[in-house]
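# Observations on chain architecture
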Amino acid sequence: MPATPNALAAAHRANTIATIARTRAASPARVPNAEGRAALLEIAALLETAAHSLQTEEPGTWDGIVITNTMDWDASHALRTADEIAAAHPAIGFPPLFSQYVTAPVYGNEVDLPPSLLPGGPVLIAREGDLFARLHAIHGHLRLMPPARDTTALLEGAFALHWKHALLTASEAVAADRPYNRPAVPAAVGIPTPATTMALSRAHKEHPTVTYGLKDRRLPCFSSEPAPHTAVRMVSHLGARVPTCEQHRDAAAVAARELHDSHG
């Protein structure tokens, strides 16, 4: 019995990302050191192993029905190992769970955005927000299971954005000099949506930074430029309020504190 269309779509994604990894490894200017290039080549080999297994493993059946949402051990193990290598070498620009791109046609899983840098200034917040918005749009197109040629272009675009995020990570680390010099994220304690400013003031007597859901979700996230995000929560630090989507919640806690401090 031939491989299922789901498995073949996953195999195409694995081979496409393997090509991206080999191309990046072959360009010394793109990766900072030999260790990173070796990691990319190892990831490429694992992806090609996974693709071969997806293309050749005979699908299982249950009561005569072909099972389309499973992956054999060889492919799963290769993808898990590739994820571990990516997580151990963040400078190569591959997100730590990049195999989600491969498994999505089989499992129907979502693809996570990379962990936020929680950048402390509005310029970096806007740059990261732009990258995340563009990645989110690509993930939406990929969910539609486009033809192979379109999938290739979308994956190339996604990994180019992941690479830009890795460069932003490096620039933020240099700007902060040391990770422990970066502003700590205030602990935002969740509270019921306050009905009045007096209720919010009472909450701040117990917790400097609080967060609560918005009943009227027409506000944009504070990090919406240049791409739109709908604010679903408010973060308040001692009364300085910043509307945010869930994606930028921690960054909003930092922004609320900075807004409060700027008022003296």
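Here, every reference points to the structure presented above.
Residues numbered from 1 in each chain as written. Predicted model: local features only at pLDDT ≥ 70, side-chain atom pairs only at ≥ 80, totals over all residues. Heavy atoms only, no water.

Another aspect to go through is the pairing of strand β5 (residues 233–237). Burial analysis of β5 places five of its five residues in the buried class, which makes it a mostly covered element. By the alternation rule, side chains of β5 split into Arg-233, Val-235 and His-237 and Met-234 and Ser-236, which are all buried. As judged from the five bridges shared by strand β4 (residues 209–213) and β5, these two strands associate in the antiparallel manner. For Thr-211, the partnering residue across the bridge sits in β5 and is Val-235. Pairing analysis gives five bridges linking β5 to strand β6 (residues 240–244), with the strands arranged antiparallel. Considered in β6, the bridge of Arg-233 is made with Thr-244. Hairpin geometry of β5 and β6 is characterised by an intervening segment of two residues between the two adjacent antiparallel strands and by a positive phi of about 50 degrees at Leu-238. (Buried < 20%, exposed > 50% of the residue type's maximum accessible area, 1.4 Å probe, protein only. Helix = DSSP H or I, 4+ residues; strand = E, 2+ residues; numbered from the N terminus. Pairing = 2+ DSSP bridges.)

Below, the discussion takes up the layout of surface pockets. Taken as a whole, the largest pocket encloses approximately 330 Å³ of empty space. Along the wall of the largest pocket there are 18 residues; nearest its centre are Pro-90, Phe-94, His-165, Ala-166 and Thr-169. Of all the secondary-structure elements, those providing two or more residues to the lining of the largest pocket are α3 (73–88) and α6 (148–176). Residues that form the lining of the largest pocket fall into these classes: 13 nonpolar, five polar and no charged. (1 Å grid on protein atoms, 1.4 Å probe; cavity = no way out; pocket = protein on both sides within 12 Å on 5 of 7 lines; lining within 4 Å. Points joined across faces, edges and corners; volume = space filled by probe spheres on them. Nonpolar A, V, L, I, M, F, W, Y, C, P; charged D, E, K, R; others polar.)

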